[in-house]
Amino acid sequence: MTMTTHKHLSPNIKEATLKEFRTIPGVGRSIAEDLWSMGFRSVPELKGQDPEDLYIRLCTLQGQHVDRCMLYVFRCAVYYASTSKPDTELLKWWNWKDGLLQNGQH
């Protein structure tokens, strides 16, 4: 995956980006910071990403296992970024738990 390098961005740009990330349902300050640390600079950059890959990247970046709930948040975030008219039930990260969507539950 190729990410645009964003060196020398002003703190105002970072804060605006973190604020934009927090518009994603389930994403608060900490997860917004995680997305920033992973190299994302806008919500549209999440479009089409593989949530499993994002989760593995975050675990690698942090050097430890990250709670699996982050995978569910990533699934929700990618859905949010990739869908123009999202289903409100699918904007709840807990509805992205393993097996729920595959079984038609939500």
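In what follows, the structure referred to is the one given above.
Predicted model only: the values in this text are computed from it and were never measured.

*Asks:* So what's going on with the environment of Thr88? Residues and values would help.
*Replies:* Counting through the fold element by element, Thr88 comes out in the segment after helix H4 (69-82). Take Thr88: its relative accessible area is 57%, and that puts it in the exposed class. Each C-alpha atom of the pair Thr88 and Pro25 lies 9.9 Å from the other, and the pair is 63 residues apart in sequence.

*Asks:* Describe the nonpolar core, listing the residues and the values that go with them.
*Replies:* Membership of the largest hydrophobic core comes to 30 residues, with the highest contact counts inside it found for Phe21, Ile24, Val27, Leu35, Leu46 and Phe74. Elements supplying a minimum of two residues to this core: helix H1 (11-21), helix H2 (29-37), helix H3 (51-62) and H4. Other than its neighbours up to four places away in sequence, Ile24 contacts Leu35, Val43, Leu46, Ala77 and Tyr80.

*Asks:* Describe H1, listing the residues and the values that go with them.
*Replies:* Within H1, the full set of buried residues consists of Thr17, Leu18 and Phe21. Within H1, the buried residues cover an arc of 100 degrees as seen down the axis, which keeps them to one side. Residues of H1 that are exposed and point more than 90 degrees away from the buried face comprise Asn12 and Lys19. Buried-residue contacts for H1 involve H2.

*Asks:* Quick one: what's the story with the side chain of Ser42, residue by residue and with numbers?
*Replies:* Tracing the chain through its elements places Ser42 in the loop between H2 and H3. Owing to a relative accessible area of 19%, Ser42 belongs among the buried residues under this scheme. Setting aside anything within four residues of it in sequence, one finds Ser42 in contact with Thr17, Glu20 and Phe21.

*Asks:* Before we move on, could you go through the pattern of salt bridges and cite the residues and values that matter?
*Replies:* All told, the structure shown has six salt bridges when counted by the stated rule. Taking the shortest distance from any N to any O, the salt bridge between Glu15 and Arg29 comes out at 3.3 Å. Remark: Arg29 occurs in helix H2 and Glu15 occurs in helix H1; sequence separation between them is 14 residues. The class for Glu15 is partly exposed, based on a relative accessible area of 38%. Counted as one network, the salt bridges with shared partners bring together Glu52, Arg68, Arg75 and Asp98.

*Asks:* Before we move on, can you summarise the environment of Lys19 with the specific residues and values?
*Replies:* As for its position among the elements, Lys19 is in helix H1. According to the relative accessible area criterion, Lys19 is exposed, its value standing at 57%. C-alpha separation for the pair Lys19 and Ala32, spaced 13 residues apart in sequence, amounts to 7.8 Å.

*Asks:* Would you mind going over the packing of H3 against H4 in detail, with residue names and values included?
*Replies:* Two elements in contact, H3 and H4, have axes separated by 9 Å at closest approach and are oriented at 135 degrees. On the basis of the axis angle, H3 is oblique to H4. Judged by the twist between their axes, the crossing of H3 over H4 is right-handed. Across from Pro51, Glu52, Leu54, Tyr55 and Leu58 in H3, the residues of H4 making contact are Met70, Leu71, Phe74, Arg75 and Val78. For the contact of H3 with H4, the class distribution of residues is eight nonpolar, no polar and two charged.

Reading guide: rules and limits
Residues numbered from 1 in each chain as written. Predicted model: local features only at pLDDT ≥ 70, side-chain atom pairs only at ≥ 80, totals over all residues. Heavy atoms only, no water. Helix = DSSP H or I, 4+ residues; strand = E, 2+ residues; numbered from the N terminus. Buried < 20%, exposed > 50% of the residue type's maximum accessible area, 1.4 Å probe, protein only. Core = buried A, V, L, I, M, F, W, Y, C linked by side-chain atoms within 4.5 Å. Contact = heavy atoms within 4.5 Å. Arc of directions from axis to C-beta. Salt bridge = Lys/Arg side-chain N within 4 Å of Asp/Glu carboxyl O. Axes fitted to C-alpha atoms, helices over the stretch in contact; angles between N-to-C directions. Parallel < 35°, antiparallel > 145°, perpendicular 65-115°, else oblique. Left-handed = near helix turned anticlockwise from the far one by under 90°. Nonpolar A, V, L, I, M, F, W, Y, C, P; charged D, E, K, R; others polar.

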